[in-house]
Amino acid sequence: MGQPPRPDNEFLVAFEKNSKKAVDSWVQTGKLPSDAKAIAAFLRQPELDLAGVGNYIGEGDDLCIAVLSEFVRFFDFFELGFDDAMRKFLAGFRLPGEAQKIDRIMHAFASQFHTYNPDMFRDPETAYPLAYSVIMLNTDAHNPAIKPHKKMTKEQFIKNNRGLDNGHDLDREFLERIYDRIVANEIVVQTTSKDDGSSDKSILTYSNPEKAGWLKKQSSRMRSWNDRWFVLKDGCIYYFRKPPVWGQSVQLCGYIPLHPQLLVQEGEPGVSSDTTITMEMADGTPAKCGKIDKRIGSMKTIAVQQLRLLSPSRSDRGEWVSCIRTAISDLSNNSNRRFPSSSSRSFPSHRPDPSTTPSGGAPAPQPSAKP
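This one's a predicted model, so the numbers in the text were calculated from it and none came from an experiment.

**Brief notes about the overall build of the protein chain**
Within the protein chain, the secondary structure is distributed over 11 helices and nine strands. Within the protein chain, buried positions represent 45% of all 371 residues. On the protein chain, roughly 18,700 Å² of surface is accessible, and the fraction owed to carbon and sulfur atoms is 49%.

**Examining helix α6 (residues 82-90)**
Within α6, seven of the nine residues are buried, which leaves the element mostly enclosed by the surrounding structure. All of the buried residues in α6 are F82, D83, A85, M86, R87, F89 and L90. Contacts from the buried residues of α6 go to α7 (99-116), α8 (127-142) and α10 (172-184).

**Notes on the packing of aromatic side chains**
Per the stated rule, a full pass over the model turns up 23 aromatic pairs. Considering the side-chain rings of F11 and F42, the 5.4 Å spacing of their centres and the 75° angle between planes classify their relative orientation as edge-to-face. Linking F11 in helix α1 (residues 9-17) with F42 in helix α3 (residues 36-42), this pair joins segments that are 31 residues apart in sequence. F42 matches F11 in its accessibility class, with the two residues each being buried. Ring geometry for Y128 against Y132: centres 5.4 Å apart, planes inclined by 90°, an arrangement best described as edge-to-face. With a gap of four residues between them, Y128 and Y132 both fall in helix α8, about one helical turn apart. In this structure Y128 comes out as buried when scored by relative accessible area, which is 17%.

**Brief notes about the environment of M279**
Within the element layout of this structure, M279 appears in strand β6 (residues 276-281). Accessibility expressed as a relative area gives 1% for M279, which makes it buried. With 17 residues separating them in the primary sequence, M279 and L262 have C-alpha atoms 6.6 Å apart. What M279 contacts, discounting residues up to four positions off in sequence, is I237, I256, L262, L263, V264, Q305, Q306, L307, L309 and I324.

**Re the pattern of salt bridges**
Applying the stated rule across the entire model yields 16 salt bridges. A salt bridge links E70 to R73; the nearest nitrogen and oxygen atoms lie 3.5 Å apart. With respect to burial, E70 and R73 carry one shared label: buried. Across the pair R177 and E173 runs a salt bridge whose closest N-O atoms are separated by 4.0 Å. Residue R177 and its partner E173 are located together in helix α10, separated by four residues, close to a single helical turn. On the accessibility criterion, R177 (41% relative accessible area) is partly exposed. A relative accessible area of 52% means that E173 is categorised as exposed. What emerges from the salt-bridge pattern is a single network uniting K20, D24 and D61.

**Things to note about the confidence of the model for the protein chain**
Looking at the protein chain as a whole, its pLDDT mean stands at 80, while 78% of the residues score no less than 70. Below a pLDDT of 50 lies the segment residues 191-204, which in the model reaches 22 contacts outside its immediate sequence neighbourhood of four places, other chains included.

**Things to note about the environment of I178**
The residue I178 is located in helix α10 in this model. What makes I178 buried here is its relative accessible area of 0%. Spatially, the C-alpha atoms of I178 and K154 are 9.7 Å apart, while their sequence positions differ by 24 residues. With sequence-adjacent residues up to four places away left out, I178 is seen in contact with F82, D83, L130, V134 and F157.

**Points about the packing of α7 against α8**
At a minimum axis distance of 8 Å, the contact between α7 and α8 shows a crossing angle of 120°. Between α7 and α8, the angle is such that the two are oblique. Of the two elements, α7 crosses α8, and the hand of that crossing is right-handed. Contact with α7, carried on its side by A99, I102, D103, M106, H107, F109, A110 and F113, involves A127, Y128, A131, Y132 and I135 of α8 and no other residues of that element.

**What about the nonpolar core?**
If you look at the biggest cluster of nonpolar residues, it comprises 56 residues, and the most contacted ones within it are L43, F82, M86, M106 and F109. For this core, the element with the highest residue contribution is α7, accounting for eight residues. Setting aside anything within four residues of it in sequence, one finds M86 in contact with M106, F109, A131, V134, I135 and I187. Residues L232, I237, C253 and L262 belong to the second largest nonpolar core, which totals 25 residues.

**As for the environment of G54**
As for its position among the elements, G54 is in helix α4 (residues 50-57). Here G54 falls in the buried class, since its relative accessible area comes to 0%. Measuring from C-alpha to C-alpha, the distance between G54 and K101 comes to 8.4 Å, with 47 residues separating the pair along the chain. Setting aside residues no more than four positions away along its own chain, G54 makes contact with F93, R94, P96 and I105.

Each value, and the rule that gives it
Residues numbered from 1 in each chain as written. Predicted model: local features only at pLDDT ≥ 70, side-chain atom pairs only at ≥ 80, totals over all residues. Heavy atoms only, no water. Helix = DSSP H or I, 4+ residues; strand = E, 2+ residues; numbered from the N terminus. Buried < 20%, exposed > 50% of the residue type's maximum accessible area, 1.4 Å probe, protein only. Areas by Shrake-Rupley, 256 points an atom, 1.4 Å probe, with all protein chains shown as cover. Contact = heavy atoms within 4.5 Å. Phe/Tyr/Trp six-rings, centres within 6.5 Å; stacked < 30°, edge-to-face > 60°. Salt bridge = Lys/Arg side-chain N within 4 Å of Asp/Glu carboxyl O. pLDDT = per-residue confidence, 0-100. Axes fitted to C-alpha atoms, helices over the stretch in contact; angles between N-to-C directions. Parallel < 35°, antiparallel > 145°, perpendicular 65-115°, else oblique. Left-handed = near helix turned anticlockwise from the far one by under 90°. Core = buried A, V, L, I, M, F, W, Y, C linked by side-chain atoms within 4.5 Å.

As structure tokens, this is what we get:
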């Protein structure tokens, strides 16, 4: 493969606005080969907008998935510490805001890390949830909005990662070293030279959602109902104490990742006036959700058997259920496009050549619309 073509000014402007559209245009006109490896090499050029690179490799169509597979092969993680590998990887682009894009990218990172470090974990998939845990620690440790006494402690970080490696605990000293290095040296999310600080720096962005509005959410212990502002976007439901406002800090309370096996039902059986929405996994396993732990002021993962929401009206409930089901259907249609699980691949026991590496509870209150 020869040198990738150099992007001109017209392409750079178009790429910054819509990286996928810009790349597709060059592929269609023959300026850029349609080969995934060639496109991945092209995306490594320093002139390109880093946010655009992250958005492109996080897309879910077949070509972008193939490009992501090739893109991660440019990273050699041989004998690198886990957090050092993450620093190296995240230096090549800006992590996008959409939850599904982050999911694809971090699965790709986990697979490539295991390729170079096959003996570090019992389960090849362990690198994926650990990467998310490190990102959460990094955000918690270096977010000035979180008071020092509420920041995640070393013991809390270790507790959060119990049983992470196929039911086994990771080595305590291993986790302690990661904690110490992250707290001492922040993993800086890449920005572009044109980033003047006026944009929202939150990892997750909530603009242009499929659906948004006030709902009541039953607490995980099913003892109370609380008013929350809900946002459905990119295969995930986020909820806040109040609607996000551009330029102000976001008061995220938690999130519910959608899943192809998540069942969404309207109301309680036999109660025609009921406006609840229930969600649970089809196979009976608990749903994994994110929730802010008020005691420490950081996000934690919780397992919930059933999620219950309350809409202000039956018509609004119908809209929410329809939108959520549509989003789940989209996930199901694209489930075969996810980066292939590393557990289905064989990994070398020696240092690989990057050029040859293979790719019930409390009763529901009367619903009321929030002003």
